[in-house]
Amino acid sequence: MVNALINPRWYNARRKNGIDLAETQQSRMIDSQREALKKRIHDLSSLLTQNGELSAKLQRASRRTTALNERYLRRLGAELHDGPAQLVALAALKVDSDAINNPRTPRKIRDGEIISIKSSLDDAMQEIRTICSGLVLPQIEGADLGEIIGRALKAHMQRTGTTVRLSMSPTSPPLSLSAKICVFRFLQEALNNGFRHGGGVGQYVVQTFDGQNVSITVGDRGPGFDPAEIKPSSLGLSGLRERVESLGGHFHLKTSNQGTVLRMSLNLHEMEPA
């Protein structure tokens, strides 16, 4: 009886509207899922591109670092040959000289030769210690960033007799051992370059941390230099760049007649955990 009272036109229209509404909702859901999928594909594509660029950058840095290590070894060999080895050779010649071995040599002359031999050997030992001090790292495995920076500055100021201004962020993020070594070597080489080429005038160090990137800046007020005059075989700046970029970091150099600024930056989120 109830079914007989239902208007077929009204029922069909109602049924059609329900179907249309369901189809519209389904269509919107499909469109939404399609857009979400497109965005996901775009994000993944961008991530793959970034990873590819980073991988290529690290491979280039690794190849350059290998060649750089060979140049370091050659430079170390040259420093040992031209410095301590020459002084030891000079002392050996004097030990075998007639002035030492001839019993007729006056005592005063013999004593003078012995003093000269001792002086040569002392100079050789001092040069060896100087070379070793640049190669051997202090105990930094358990040190935090502030302690690493403090040790690098203290060693530089004691060696050169200069003063370096320091500014640090209140936050000291944990670093991996490779990052600690990179920071210490960067400070060591950058400060040494500033002292050797800029006279150590107005040297300063600034450390910042933005929650993701640790940046170290080393600057001076020296006369600056022309980067174009740096030889490809030079190890100082190229060594710093390779060391920083091998960890995925960024290296920046700015120099003028008003001073030189070197800056390194490491993204801690993209590095091995501490």
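This is a predicted model, so every value here is computed, not measured.

Any details on the packing of helix α5 (residues 145–160) against helix α6 (residues 177–198)? Residues and values, ideally.
Each packed pair of helices is defined by two parameters, the angle between the axes and the distance between the axes. Here α5 crosses α6 at 25°, and the two axes come no closer than 10 Å. Classified by the angle between their axes, α5 and α6 sit roughly parallel to one another. The element α5 and its partner α6 pack so that their crossing is right-handed. The residues of α6 that touch α5, namely those facing L145, I148, I149, R151, A152, L153, H156, R159 and T160, are K180, V183, F184, L187, L191, N192 and F195.

Outline α6, supporting the account with residue identities and numerical values.
A rise of 1.5 Å per residue sets the reference length of α6, with its 22 residues, at 32 Å; its end C-alpha atoms lie 31 Å apart and thus fit the reference within 8%. Within two residues after α6, G199 carries a phi angle of roughly 75°, on the positive side.

Pulling in residues and values, what's your account of the environment of C182?
In this structure, C182 sits in helix α6. Classification of C182 as buried rests on a relative accessible area of 1%. Separated by 61 residues in the primary sequence, C182 and R243 have C-alpha atoms spaced 6.5 Å apart.

Can you lay out the nonpolar core for me, pointing to particular residues and giving the numbers?
Among the nonpolar cores identified, the biggest contains 30 residues, and I149, V183, F186, L187, V205, I216 and M264 are the most heavily contacted of them. It is α6 that contributes the most residues to this core, eight residues altogether. Beyond its immediate sequence surroundings of up to four residues, F186 is in contact with I216, V218, L240, V244, F251, L262, R263 and M264.

Could you give an account of the sheet that holds strand β5 (residues 259–267), naming the residues involved and the relevant values?
On the basis of which strands lie adjacent, the open sheet formed by five strands has the order β1-β2-β3-β5-β4 and mixed pairing. Only two strands of the sheet have a single partner each, and these edge strands are β1 (165–168) and β4 (250–256). The mean inter-strand angle of the sheet, taken between neighbouring strand axes irrespective of direction, is 10°. As defined by bridge partners, β1 adjoins strand β2 (residues 204–209) across four bridges and the pair is classed as parallel. Within the sheet, the bridge partner assigned to R165 lies in β2 and is Y204. Set on the sheet, α6 makes contact with β2, β3 (213–220), β4 and β5; between it and β3 the angle comes to about 15°.

Calculation rules
Residues numbered from 1 in each chain as written. Predicted model: local features only at pLDDT ≥ 70, side-chain atom pairs only at ≥ 80, totals over all residues. Heavy atoms only, no water. Axes fitted to C-alpha atoms, helices over the stretch in contact; angles between N-to-C directions. Helix = DSSP H or I, 4+ residues; strand = E, 2+ residues; numbered from the N terminus. Parallel < 35°, antiparallel > 145°, perpendicular 65-115°, else oblique. Left-handed = near helix turned anticlockwise from the far one by under 90°. Contact = heavy atoms within 4.5 Å. Expected span 1.5 Å × (residues − 1). Buried < 20%, exposed > 50% of the residue type's maximum accessible area, 1.4 Å probe, protein only. Core = buried A, V, L, I, M, F, W, Y, C linked by side-chain atoms within 4.5 Å. Pairing = 2+ DSSP bridges.

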